[in-house]
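Residues per chain are reported as follows:
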There are 2 protein chains.
Amino acid sequence: MLAAAMDIGGTKTIIALVDNKGSIINKRQIKTNTYDYKAHFDCCIKLMEECLSEHFLNKQDILGLGINLPGMVNSTSGLLYHAPFAGWRNVKVIDYFSKQTGLKNIYIENDVNSCAEGEMFFGNTSGNFLWITVSTGIGGAVVVNNKLIFGENNCAGEIGHVKVEYENPRKCSCGQFGCTEAQASGTAINTLFKELIHKDSSYIDKLKQFDLNPDASGCAFLARLKDEECIKIFKTCGLYLGRALSTAANLLNPKEIFIGGGVSLSFDLIIDEIQKQIKENTIPQCSVVTVKPTALGYEAALLAAASLVFRRNK
Amino acid sequence: MLAAAMDIGGTKTIIALVDNKGSIINKRQIKTNTYDYKAHFDCCIKLMEECLSEHFLNKQDILGLGINLPGMVNSTSGLLYHAPFAGWRNVKVIDYFSKQTGLKNIYIENDVNSCAEGEMFFGNTSGNFLWITVSTGIGGAVVVNNKLIFGENNCAGEIGHVKVEYENPRKCSCGQFGCTEAQASGTAINTLFKELIHKDSSYIDKLKQFDLNPDASGCAFLARLKDEECIKIFKTCGLYLGRALSTAANLLNPKEIFIGGGVSLSFDLIIDEIQKQIKENTIPQCSVVTVKPTALGYEAALLAAASLVFRRNK
């Protein structure tokens, strides 16, 4: 069984065909056209059709289309309320795609909620878990008894804006202070690493030596070479993530917490500090939570978009 | 319609008959016998029967019996896992009461979860809310779509142990540091007030003058007389409660937060600071949450025990 999947992010969009075992059959990647969503959606459809025809398939051969969107979504009505990065507001996404493609089984979801759905379909979960994307920003999704929690305004799971530093907080892109996103996201790691380079110019030579960028992945490379200062940056990230996850564990008592997003590639550099924080800050019955990287790997969000189709058409 | 209700706490137990409008028909209060739960349960049953016979009623005239317990409960199997204050473990509560009384409709619940049920039955809720008891300790219950969330080990809602102070934390009875319970419970207010009296002996005269105890209610009395230092103590309590509630609002996006327990009697002294914290620490879509005192008043927990019966026998 095949599904079409579109992972529409604030910066890039991936279009793919995915089978129900989680294999990506064909794939395209483009920059997200934030100026004109209709033009962008049309382009996505064209690339989906290209993916199909390269495999001698047509739209009748797929079970449906799953779409991740970077913002607040009402998955039932098919409406994208607001995508802050793209600037889109009140877009009837399902209506548009179904008119342009003639497809009936079209599903949309917020990108992080979608990842939680993907973990349920392709991974192995207890059905009581938290999914957290640690990337440019930090987003979260809460699942209770195999169902996503949406909250009153479709905004549950905002662990990125839980406060984890009150005394010396960094300013967050949301305008508030001390949010997990400001203290522990990929962007926060970039900032900490740049501050380190600024303070100690020997890092400029190290970057040149290993052909690294002054960003989170450059920092991770050096941390794995046992650079104490770079290790410390990831420990700081783990400390703040650990504080946020402890809070979530006390409130929701989940069985698992799955971490995805770019920073999950540095899971080995943050997990010890996360575990330490959970042990210190969570009551014993809640501290038994298991923290692990997503089973879906780097393409988690794309597989997740496909899972929207498979979960609803079992 | 009448239900029998027992609110068994770590210190005292109240036994009552309650009607389905929330009126208490007859009531007894005793000290909780923590040494011998069977003797205590037998005593509760005797007092329930007294309440009935005083109104020329017998057990066939009540719809059932609802019991709050101060600890971890499995309401489905009728088991009390552990009541830390009383020291009871693995007690088959429903079995015991049904053998001793012959009643069929017996329901048990953790005391804070029960309050959330009571708010749904006797109060006016959206079905997406948080209930928090601020008393000697602090407990919480999470309701999503009119259902309690239990979590993996029946321990969801532990907002009392969410950390709200990392730099200068007070030690909590749980052994950890900076928990909401350690910073903002009735016990914390008692401590802050005692520290104030110790620092400034003029408060000893004030206590004598108004015949007050050196506790949270004494502090509230003076705060209402515009004593700046006592006002500050309640602001501190509001600040820490506000931090904890902001976190819960970001994670769960509830419509309402209900506050019960002794400290809710000082709601007027804490609400401004709570609102301020929520505005500063919660994303806009989640900050629209309404924080209010329970509609059930001082007897919230007792009415809640009765609601366990009414909600399941509508």
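These numbers were taken from a predicted model, which means no experiment stands behind them.

**Student:** Got a minute to help me understand unusual backbone geometry in this structure?
**Tutor:** Glycine aside, residues mostly have negative phi angles, and peptide bonds mostly take the trans form. The phi dihedral of A:Asn146 is positive, around 65 degrees, even though this residue is not glycine. Within the secondary structure layout, A:Asn146 lies in the loop between strand 10 (138–144) and strand 11 (147–148). Non-glycine residue B:Phe56 carries a positive phi angle of around 55 degrees. Note on placement: B:Phe56 falls in the loop between helix 1 (37–54) and strand 4 (65–69).

**Student:** I would appreciate a short explanation of the side chain of B:Gln176 in the present structure.
**Tutor:** Tracing the sequence through the fold places B:Gln176 in the loop between strand 11 (147–148) and helix 4 (180–184). Polar contacts involving the side chain of B:Gln176 include one to the side chain of B:Lys163, which spans 2.9 Å. For B:Gln176, the residues in contact, after removing those within four places along its chain, are A:Lys279, A:Glu280, A:Asn281, A:Thr282, A:Ile283, B:Lys163, B:Arg170 and B:Lys171.

**Student:** I would appreciate a short explanation of the pattern of salt bridges in the present structure.
**Tutor:** For side chains bearing opposite charge, pairing can occur when the charged atoms are close. All names here are of chain A. Summed over the entire model, instances satisfying the criterion amount to 26 salt bridges over all chains. As a salt-bridge pair, Lys46 and Glu50 come within 3.8 Å of each other at their nearest N and O atoms. Of this pair, Lys46 and Glu50 both sit in helix 1 (residues 37–54), four residues apart, which is roughly one turn of that helix. Of the charged contacts in the structure, one is a salt bridge between Arg243 and Glu165, with a shortest N-O distance of 3.8 Å. Of the two residues, Arg243 is situated in helix 8 (residues 228–252) and Glu165 in the loop between strand 11 and helix 4 (180–184); the sequence distance between them amounts to 78 residues.

**Student:** Please explain the packing of aromatic side chains as it appears in this structure.
**Tutor:** Two aromatic rings, taken as a pair, are described by how far apart their centres are and by the angle between their planes. Residue and element names in this part refer to chain A. Enumeration over the complete set of coordinates arrives at 24 aromatic pairs over all chains. Geometrically, the ring pair formed by Tyr96 and Phe97 is edge-to-face, given 6.4 Å between the ring centres and 85 degrees between the ring planes. With centroids separated by 5.5 Å and ring planes inclined at 15 degrees, the aromatic side chains of Phe121 and Phe310 adopt a geometry described as stacked. With a gap of 189 residues between them, Phe121 in helix 3 (residues 111–122) and Phe310 in helix 11 (residues 300–312) connect regions that are remote in the sequence. Its relative accessible area of 23% is what places Phe121 among the partly exposed residues. Note on Phe310: relative accessible area 1%, which makes it buried. Taken together, the ring pairs in this structure connect Tyr37, Phe41, Trp88, Tyr96 and Phe97 into an aromatic cluster. Of note, Lys206 hangs over the ring of Tyr203, and the distance from its end group to the ring centre comes to 4.1 Å.

**Student:** Sorry if this is basic, but what is going on with helix 2 (residues 93–101) of chain B here?
**Tutor:** Two residues of an α-helix separated by three or four positions point the same way, owing to the 3.6 residues in each turn. All names here are of chain B. Among the residues of helix 2, those classed as buried are Val93, Ile94, Tyr96, Phe97 and Thr101. End-on view of helix 2: buried residues confined to an arc of 165 degrees, all on one side of the axis. Each element contacted by the buried residues of helix 2 is listed here: strand 1 (2–8), helix 1, strand 4, strand 6 (79–83), strand 7 (88–92) and strand 8 (106–110). One or two steps after helix 2, the chain reaches Gly102, where phi turns positive at roughly 75 degrees.

**Student:** Hey, could you run me through the pairing of strand 1 (residues 2–8) of chain A in this one?
**Tutor:** Two faces belong to every sheet, and in a regular strand the side chains alternate between them. All names here are of chain A. Taken across its seven residues, strand 1 has seven buried, putting it largely inside the fold. The two faces of strand 1 match: Leu2, Ala4, Met6 and Ile8 on one face and Ala3, Ala5 and Asp7 on the other face are all buried. Sheet analysis places strand 1 next to strand 2 (residues 12–19), joined by seven bridges and oriented antiparallel. Bridge pairing in strand 2 places Met6 opposite Ile15. In sequence, strand 1 turns back onto strand 2 through a hairpin of three residues.

**Student:** Looking at this structure, I do not really get the relation of the copies chain B and chain A. What am I missing?
**Tutor:** The two chain copies are connected by a rotation around an axis plus a translation along it. Expressed as a screw transformation, the operator carrying chain B onto chain A has a rotation angle of 180 degrees and an axial translation of 0.0 Å, and the superposed copies differ by an RMSD of 0.0 Å. The superposition operator between the copies reduces to a two-fold rotation axis. Among all C-alpha atoms of chain B, that of B:Glu167 lies closest to the rotation axis, at 3.6 Å. A shared binding surface is used by both copies, with 100% of the interface residues of chain B retained as interface residues in chain A.

**Student:** Please clarify how the nonpolar core should be interpreted in this entry.
**Tutor:** Most often, soluble globular proteins keep nonpolar side chains buried together rather than apart. Membership of the largest hydrophobic core comes to 96 residues, with the highest contact counts inside it found for A:Ile159, A:Phe193, A:Leu245, B:Ile159, B:Phe193 and B:Leu245. Among all residues touching B:Ile159, those that are not within four sequence positions of it are A:Leu251, B:Leu130, B:Ile132, B:Ile138, B:Gly139, B:Gly140, B:Thr180, B:Ala244, B:Leu245 and B:Ala248.

What counts and what doesn't
Residues numbered from 1 in each chain as written. Chains lettered and ligands numbered in written order. Predicted model: local features only at pLDDT ≥ 70, side-chain atom pairs only at ≥ 80, totals over all residues. Heavy atoms only, no water. Helix = DSSP H or I, 4+ residues; strand = E, 2+ residues; numbered from the N terminus. Polar contact = N/O pair within 3.5 Å; in protein donor to acceptor, adjacent residues only side chain to side chain. Contact = heavy atoms within 4.5 Å. Salt bridge = Lys/Arg side-chain N within 4 Å of Asp/Glu carboxyl O. Phe/Tyr/Trp six-rings, centres within 6.5 Å; stacked < 30°, edge-to-face > 60°. Buried < 20%, exposed > 50% of the residue type's maximum accessible area, 1.4 Å probe, protein only. Lys NZ or Arg CZ within 6 Å of the ring centre and 35° of its normal. Arc of directions from axis to C-beta. Pairing = 2+ DSSP bridges. Least-squares fit on C-alpha atoms with pLDDT ≥ 70 in both. Core = buried A, V, L, I, M, F, W, Y, C linked by side-chain atoms within 4.5 Å.

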